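Chain and residue survey
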Amino acid sequence: MINKDITIDIEGNEAKLTLYILDSSPELYYEKRPIIVVCPGGGYSMVSDREAEPIAMKLASMGYHVAVLRYSVSPVRYPIALLQLGKVVSYLYENAEQYNIIKEKIAVMGFSAGGHLCALAGALYDCMEDETHRYDDVSARPDKLCLCYPLVSLTEY
């Protein structure tokens, strides 16, 4: 397994991406695998440990490559975390060959506030680029969304 930490920087706000890339195995008939980017919850005030590595290990045991994004939280505000997630998705598209990722199977999975972030990435991927934030002609669009008890409203009931 490749276990690698990568710093994602948007406007001086650093996020940490941890990759868990499984080895290829002729015995298991895998050359390339899908990858799931996990965005833990935490109410945009912290990033929950219980929804990070434990989830990554469970998904890896099921045969997925996994990446955990510890995105920027308060006092950092929108759209920084969204731009960080977009940069991660485009990074994975760009490096799919290196990491043996199936390019058409880059998914994002988020819990609570992380689910909200993933929903935004699915809905606003084409708005994540501007003059300042370019993804080098590689899409920031995730192929699949898995929203786990997502925050879907920022208003009171």
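Positions within a chain are numbered from 1, following the residues in the order the chain's sequence is written. Residue-level local features of this predicted model are given only where pLDDT is at least 70; pairs of side-chain atoms are given and counted only at 80 or more, and the full residue set underlies all totals for whole chains, interfaces and linings. Hydrogens and waters are ignored; side-chain quantities use all the structure's heavy atoms.

Some details on the packing of helix α2 (residues 80-94) against helix α4 (residues 113-124)
- Lines fitted to the C-alpha atoms define the axes, with helices restricted to the stretch that makes contact. Angles between their N-to-C directions range from 0 to 180 degrees. Working definition: helices are DSSP H or I runs of at least four residues, strands are E runs of at least two. Numbering for both runs from the N terminus. The interhelical angle for the contact between α2 and α4, taken along N-to-C directions, is 70 degrees, at an axis separation of 10 Å. Viewed along their axes, α2 and α4 adopt a mutual orientation that is roughly perpendicular. You can see that α2 and α4 cross each other, and the crossing is right-handed. The residues of α4 that touch α2, namely those facing A81, L82 and L85, are L117, C118, L120, A121 and L124.
- Polar here means any residue outside two lists: the nonpolar Ala, Val, Leu, Ile, Met, Phe, Trp, Tyr, Cys and Pro, and the charged Asp, Glu, Lys and Arg; Gly therefore counts as polar. Here the contact of α2 with α4 is composed, by residue class, of eight nonpolar, no polar and no charged. When an angle is under 35 degrees it counts as roughly parallel; over 145 it counts as roughly antiparallel; between 65 and 115 it counts as roughly perpendicular; any other value is oblique. By convention, the crossing between two helices is left-handed when the near helix turns anticlockwise from the far helix through less than a right angle, and right-handed when the turn is clockwise. Contacts are residue-level and defined by heavy atoms, with any inter-residue pair within 4.5 Å sufficient.

Some points on the nonpolar core
- For our purposes a nonpolar core is just a set of buried Ala, Val, Leu, Ile, Met, Phe, Trp, Tyr and Cys residues, chained together by side-chain atoms within 4.5 Å. Partly exposed residues are those whose accessible area sits between 20% and 50% of the maximum for their type, while under 20% is buried and over 50% is exposed, using a 1.4 Å probe and protein chains only. Counting 32 residues, the largest nonpolar core has V37, L69, Y71, L85 and L92 as the members making the most contacts within it.
- When residues of this core are traced back to their parent elements, those giving at least two are β1 (2-10), β2 (13-21), β3 (33-39), β4 (65-70), α2, α3 (96-99), β5 (101-111) and α4.
- In contact with V37, other than residues within four places in its own chain, are A67, L69, L85, V88, L92, A107, V108 and M109.
- Of all hydrophobic cores here, the second largest spans 14 residues; its members include L22, V38, A107 and F111.

Notes on the pairing of β5
- One bridge is not enough; two strands pair if DSSP finds at least two bridges between them. Sheet analysis places β3 next to β5, joined by six bridges and oriented parallel. Opposite C39, over in β5, you have G110 as the bridge partner.

Section: helix α1 (residues 53-61)
- Burial in α1 covers these residues: A56, L59 and A60. In an axial view of α1, the angular spread of the buried residues amounts to 100 degrees, which keeps them on one side of the axis. Opposite the buried face of α1, by more than 90 degrees, sit the exposed residues K58 and S61.
- Packed against the buried residues of α1 are β2, β3, β4 and β5.
- Backbone geometry just after α1 places G63 at a positive phi near 100 degrees. Of all possible arcs, the one meant is that of the directions from the helix axis to the C-beta atoms.

What to know about the layout of surface pockets
- Cavities and pockets are defined on a 1 Å grid built over the protein atoms alone: a cavity is a set of grid points where a 1.4 Å probe fits but cannot escape, while a pocket is an open set with protein on both sides within 12 Å along at least five of seven lines, and lining residues are those with an atom within 4 Å of any such point. Grid points are joined across faces, edges and corners, and a volume is the space filled by probe spheres set on the points. Of the volumes computed, that of the largest pocket is approximately 210 Å³.
- Residue lining of the largest pocket: 15 residues in total, with Y44, V76, R77, Y78 and A81 positioned closest to the centre.
- For the lining of the largest pocket, the residue count by class is eleven nonpolar, three polar and one charged.

Some thoughts on the packing of aromatic side chains
- The pairing test for Phe, Tyr and Trp rings, Trp by its six-membered ring, is centres within 6.5 Å, and the orientation test on the planes gives stacked under 30 degrees, edge-to-face over 60, and tilted for anything in between. Under the criterion given, the structure shown has three aromatic pairs.
- Judged by centre distance (6.2 Å) and plane angle (65 degrees), the ring pair of Y44 and Y71 falls under edge-to-face. Of this pair, Y44 sits in the loop between β3 and α1 while Y71 is found in the loop between β4 and α2, placing the two residues 27 residues apart along the sequence.
- For Y44, a relative accessible area of 23% translates into the label partly exposed.

A word on the pairing of β1
- In this sheet, β2 lies alongside β1 in antiparallel orientation, the contact comprising nine bridges. What sits directly across from D5, in β2, is T18.
- Taking the residues that link successive antiparallel strands as the turn, the β1-β2 hairpin has two residues, and the phi of E11 there is positive, at about 55 degrees.

Some words on the pattern of salt bridges
- The working definition used for a salt bridge is a side-chain nitrogen of Lys or Arg within 4 Å of a carboxyl oxygen of Asp or Glu. The full count for this structure, using the stated rule, is four salt bridges.
- Its salt-bridge partner being K32, residue E97 comes within 2.6 Å of it at the nearest N-O pair. Of the two residues, E97 is situated in helix α3 and K32 in the loop between β2 and β3; the sequence distance between them amounts to 65 residues.
- The class of E97 is exposed, set by a relative accessible area of 57%.
- You can call K32 partly exposed: its relative accessible area is 33%.

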